[in-house]
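# Structural overview
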Amino acid sequence: AQLQPDAVLLIGYGAGNFPEHPEIRHVLQQLTSDGVLVVASTSVPFGGTTQGYATGHWLSEIGVLPTARLTIAAIYVRLLWIVHYNPHRKIVANVG
C-alpha cells in the first residue's frame, strides 16, 4: 500500500499561480477528495497569494487553500501543527 501525505504545499509563482494541466488537476483533486490538506504558496518573497487570477483560480475550484501573506516557514509550521493536533480532519477552513 502506498502512503498518502497528510498535507501538500504547492509553491507557485507570482500571486500563487500554478500551471493547470489535466494530470496535475486530477492528482490534486484526488488528494483534496481524500482529505489531504493542500495549500498554495508563492516563491515571491513579498505580496502573498491570491486565487483571483485565472492561473491560480482553478486551485480553489478543487479545494486547494491559498496561504495569503504567510512565509513558507510559517506555512510549514502551521501545517505540522494542523496535522499533529487534528489528525482526523476532513475540512480545514483557513490556514492563514
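Residues numbered from 1 in each chain as written. Predicted model: local features only at pLDDT ≥ 70, side-chain atom pairs only at ≥ 80, totals over all residues. Heavy atoms only, no water.

## Details of the pattern of salt bridges
The condition is simple: Salt bridge, as used here: a side-chain nitrogen of Lys or Arg that lies within 4 Å of a carboxyl oxygen of Asp or Glu. Secondary structure is summarised from DSSP: a helix means a run of H or I of at least four residues, a strand means a run of E of at least two, and numbering begins at the N terminus for each.
According to the stated counting rule, one finds two salt bridges in the structure shown. Two residues, Glu20 and Arg25, come together in a salt bridge whose shortest N-O distance is 2.7 Å. Arg25 is the salt-bridge partner of Glu61, the closest N and O atoms lying 3.2 Å from each other. Placement of Glu61 in helix H2 (residues 54-61) and of Arg25 in helix H1 (residues 22-33) is noted, with a sequence separation of 36 residues between them.

## A closer look at the packing of aromatic side chains
Put simply, the test is: Centres within 6.5 Å are what make two rings of Phe, Tyr or Trp a pair, Trp counting through its six-membered ring; a difference in plane orientation under 30 degrees is then read as stacked, over 60 as edge-to-face, and the rest as tilted. Remark: exposure states derive from per-residue accessible area (1.4 Å probe, protein chains only) relative to the maximum for the residue type, with buried under 20%, exposed over 50%, and partly exposed in between.
Applying the stated criterion across every chain yields a total of one aromatic pair. Pairing Trp81 with Tyr85 gives two aromatic rings, centres 5.1 Å apart and planes at 40°, and the pair type is tilted. Placement of the pair is Trp81 and Tyr85 together in helix H3 (residues 72-85), with a separation of four residues, close to one helical turn. Assigned by exposure class, Trp81 and Tyr85 land together as exposed.

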